[in-house]
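What follows is each chain in one-letter form.
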Amino acid sequence: MTDQQERSTTRRAATMDKVVALAKRRGFVFPGSEIYGGLANTWDYGPLGVELKNNIKQLWWKTFVQTRRDMLGLDAGILMHPRVWEASGHVVNFNDPLVDCKTCKARFRADDLVERHLHIADASAKTPDELSALIREANLPCPNCGNRTLTDARQFNMMFQTTIGPVSETGTQVYLRPETAQGIFVQYKNILNSQRVKLPFGIGQIGKAFRNEITPGNFIFRVLELEQMEIEYFVKAAESATAFEEWLTAMRGWIELIGLRPEHIRVREHAKEELSHYSMRTCDFEYLFPGPMGWKELYGLANRTDFDLRSHQEASGEDLTYFEQETKTRFLPHVVEPTFGVERTFLTVLLDAYDEEATTDVNGKAETRTVLRFVPRLAPVKAAVLPLAKKPELTSVAWQLFERLQCEVSPQVDYDEQANIGKRYRRQDEIGTPFCVTVDFDTLEDRAVTIRDRDTMSQVRIPLDDVPAYLSERIR
Ligand code: ATP
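Now for a quick tour of the structure.

Cut-offs applied
- Throughout, a residue's number is its position along its own chain's written sequence, starting from 1.
- Local features in this predicted model are restricted to residues whose pLDDT is 70 or higher, and side-chain atom pairs enter the listing and the counts only when it is 80 or higher, whereas totals over whole chains, interfaces and linings include all residues.
- Hydrogens are left out, water is left out, and the side-chain values use all remaining heavy atoms of the structure.
- Only runs of H or I of at least four residues qualify as helices and only runs of E of at least two qualify as strands under DSSP, and these elements are numbered from the N terminus.
- Relative accessibility thresholds used throughout: buried, under 20% of the residue-type maximum; exposed, over 50%; partly exposed, between the two (1.4 Å probe, protein chains only).
- Whether two residues touch is decided by their heavy atoms; if any such pair falls within 4.5 Å, the residues are in contact.
- Note on areas: Shrake-Rupley with a 1.4 Å probe; residue coverage comes only from the protein chains shown.
- The charged-residue count follows a simple rule in which Lys and Arg add positive charge and Asp and Glu add negative charge, with His and chain termini not counted at all.
- Charge positions are represented by NZ for Lys, CZ for Arg, CG for Asp and CD for Glu.
- A pair of strands is treated as paired once DSSP finds two or more bridges between them.
- Every angle, taken between N-to-C directions, lies between 0 and 180 degrees, and every axis is a line fitted to C-alpha atoms, over only the stretch in contact when it is a helix.
- What sets the label is the angle itself: under 35 degrees gives roughly parallel, over 145 gives roughly antiparallel, 65 to 115 gives roughly perpendicular, and the rest give oblique.
- Each helix crossing is assigned a hand: it is left-handed if the near helix lies turned anticlockwise from the far helix by less than a right angle, otherwise right-handed if that turn is clockwise.
- Under the scheme applied, nonpolar residues are Ala, Val, Leu, Ile, Met, Phe, Trp, Tyr, Cys and Pro; charged residues are Asp, Glu, Lys and Arg; polar residues are all the others, including Gly.
- We call a residue near a given molecule or strand whenever any one of its heavy atoms falls within 4 Å of it.
- Pairs of N or O atoms are called polar contacts if they sit within 3.5 Å, as long as, within protein, a hydrogen donor faces a hydrogen acceptor (for residues adjacent in sequence, only side-chain-to-side-chain pairs).
- By convention a nonpolar core is built from buried Ala, Val, Leu, Ile, Met, Phe, Trp, Tyr and Cys residues, the set being connected through side-chain atoms within 4.5 Å.
- An expected span of 1.5 Å times one less than the residue number is assigned to each helix.
- The arc in question is formed by the directions pointing from the helix axis toward the C-beta atoms.

1. Considerations on the overall build of the protein
Alright, step 1. Summing up its helical and strand segments, the protein has 15 helices and 23 strands in all.
Alright, step 2. Counting only C-alpha atoms, the protein reaches 75 × 65 × 50 Å along its principal axes.
Alright, step 3. A buried classification covers 52% of the 476 residues belonging to the protein.
Alright, step 4. Long-range pairs, those at least 24 residues apart, make up 67% of the contacts in the protein between residues at least 6 apart in sequence.
Alright, step 5. When the accessible area of the protein is evaluated, it comes to approximately 22,500 Å², of which 51% is carbon and sulfur surface.
Alright, step 6. When the 60 positive and 69 negative side-chain charges of the protein are each reduced to one mean point, those points stand 1 Å apart.

Encoded structure:
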């Protein structure tokens, strides 16, 4: 049985509250602007959070861009010409259905109200009229003040606007991009002209996007400022259905790579009425969040046809066709788009890594061990070097080993000489460090150290010189 399968059969220890508390306590994620009372739905990533986030992004980049011959990278700007968003359909279509309470002025997403309070699944597939009818029929009270004074649902555009130049009539109104995808379409021609690429090929990008979301909270599931890892994969029209299937498989492979539990993942095909204006086929990878959240979108895969290139070609007047040497024909490629949210990856990795285990402390007393069982490649700290006591003869050996591991294994290695060894192990368990290397008094005699495995707590004695190879083999 693999580690992954073994974990699949265990009960789920994570709740959103426990994970939010651990994330703050151990320096993964902090509420944004907290000393000023916070700013709703903004979060900052602490010292361990930024390492985990970077590990996710680097692994994604390596998996989907650097190691594939059919993929290229891009880093487009957040600010783009406002006409981009007219052509893409965002100015007209990028809306959420909102209802207001006439009494207390609170504002809610209509689909969320219907899902939570009327227990109707997939309400996001319903039109604002359908949602309004359901809310009216049920005479739903405002979840905030209890008065039955909710308005009908109306569409609210989710793009943030800002102004370039003086904030007056002379300034240019622009949007903070709500997705990274359009940067790829707008630069597609420059990439064709500057690189020797042939269909099929893809362009990958990681970057910030901004959405003016009205949300029910749920930690970093839905934030205003998010990061996306997106791919636009260009193919001939006749090959888009096959490419879609190939990307379904590649996305499943990624989910396995980051250690999410198979029983928490399902693929949901969008019904015809639910498809976005640009999509011929869409599948959502959904994750089973703990508690009332239940199944929610983690990633998306869409067949965008030639909608985007055609729209930008028409709006800009630039020829965006692809010339195929073999057939001497020109055409607009079709596009398959796998899209991954960084925050949702981070959150689901944390939720699935979180475990509590009944154990005993060094004195044999019963206690509960909290452990983050990250796959080693994602762990923000790969190994910790711990001198058994704060004695110069031990700390000097331990420090030398620490410096060597940072150089030869990974810069994500920790050194800790504070508190007793039991407490240090617990701390490393809580931040998900796969290996603890202890330098003890025997080390001075036998030039060997003890390596403790986070998941099994088993210990092996390894010669000092073999430690880098031992760890490298298990981490990479
Ligand atoms: P939802 O239905 O949850 O609003 P969406 O269908 O609008 O999501 P997409 O536009 O397909 O999402 O965005 C691509 C990916 O970006 C999503 O699969 C998700 O991982 C991530 N994402 C989208 N909006 C947010 C957000 N507000 N906060 C965090 N991640 C997000």
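On we go from here.
2. Quick word on the sheet that holds strand 4 (residues 95–100)
Alright, step 1. On the basis of which strands lie adjacent, the open sheet formed by 3 strands has the order 5-4-6 and antiparallel pairing. At either end of the open sheet lies a strand with only one pairing partner, and these are strand 5 (107–109) and strand 6 (154–157). Pairwise comparison of adjacent strand axes, ignoring direction, gives a mean angle of 50° for this sheet.
Alright, step 2. By the bridge criterion, 4 bridges tie strand 4 to strand 6 in an arrangement that is antiparallel. Bridged to Asn95 within strand 6 is Asn157.
Alright, step 3. Helix 6 (residues 110–117) rests against strand 4 and strand 5 of the sheet, and its axis sits at about 75° to strand 5.

3. With respect to the packing of helix 8 (residues 181–194) against helix 10 (residues 307–316)
Alright, step 1. Running from amino to carboxyl end, helix 8 crosses helix 10 at an angle of 60°, the nearest separation of the two axes being 10 Å. Taken as axis vectors, helix 8 and helix 10 run oblique relative to one another. Relative to helix 10, helix 8 is oriented so that their crossing is right-handed. The residues of helix 10 that touch helix 8, namely those facing Gln182, Phe185, Val186 and Tyr188, are Asp308, Leu309 and His312.
Alright, step 2. The class makeup of the residues in the contact of helix 8 with helix 10 is 4 nonpolar, 2 polar and 1 charged.

4. Here we look at the site of the ligand
Alright, step 1. Near the ligand, the surroundings consist of 14 residues, among which Glu213, Arg222, Val223, Glu297 and Leu298 are the closest.
Alright, step 2. The contact in question runs from a nitrogen atom of the ligand to an N or O atom on the side chain of Glu213, over 2.7 Å.
Alright, step 3. Phe221 has a polar backbone atom sitting 3.4 Å from a nitrogen atom of the ligand.
Alright, step 4. Contact with the protein chains removes 82% of the 600 Å² of surface that the ligand exposes when unbound.
Alright, step 5. Residue assignment for the shell around the ligand shows that the elements contributing at least two residues are strand 10 (225–235), strand 13 (294–305) and strand 16 (334–341).
Alright, step 6. No other element matches the 4 residues that strand 13 contributes to the shell around the ligand.
Alright, step 7. For the shell around the ligand, the per-class residue count stands at 5 nonpolar, 4 polar and 5 charged.

5. Some thoughts on the sheet that holds strand 3 (residues 71–74)
Alright, step 1. On the basis of which strands lie adjacent, the open sheet formed by 7 strands has the order 3-9-10-16-13-12-11 and mixed pairing. Two strands bound the open sheet, and with one partner strand each, they are strand 3 and strand 11 (265–269). Neighbour to neighbour, the strand axes of the sheet diverge by 25° on average, direction disregarded.
Alright, step 2. The pairing of strand 3 with strand 9 (residues 201–210) spans 4 bridges and is parallel. Each bridged residue has a counterpart across the sheet, and for Leu74 the counterpart in strand 9 is Gln205.
Alright, step 3. Running at roughly 110° to strand 10, helix 11 (residues 342–353) makes contact with strand 10, strand 12 (281–289), strand 13 and strand 16 of the sheet.

6. Overview of the nonpolar core
Alright, step 1. In terms of nonpolar packing, the biggest core is built from 62 residues, with Phe28, Trp60, Trp254, Tyr299 and Phe374 touching the most fellow members.
Alright, step 2. Setting aside its immediate chain neighbours within four residues, Trp254 contacts Ile56, Leu59, Trp60, Thr63, Phe64, Met229, Tyr299, Phe340 and Thr345.
Alright, step 3. The next biggest cluster of nonpolar side chains, apart from the first, holds 22 residues, and it includes Val397, Leu405, Val409 and Val439.

7. Looking at helix 9 (residues 240–257)
Since one α-helical turn is 3.6 residues long, residues separated by three or four positions face the same way.
Alright, step 1. Spanning 18 residues, helix 9 covers 25 Å between terminal C-alpha atoms, matching the ideal 26 Å at 1.5 Å per step.
Alright, step 2. Buried residues of helix 9: Ser240, Ala243, Phe244, Trp247, Leu248, Met251, Trp254 and Ile255, and no others. Within helix 9, the buried residues cover an arc of 150° as seen down the axis, which keeps them to one side. Residues Glu246, Thr249 and Glu256 are exposed on helix 9 and point more than 90 degrees away from its buried face.
Alright, step 3. Of the residues trailing helix 9, Gly259 is marked for its positive phi of about 80°.

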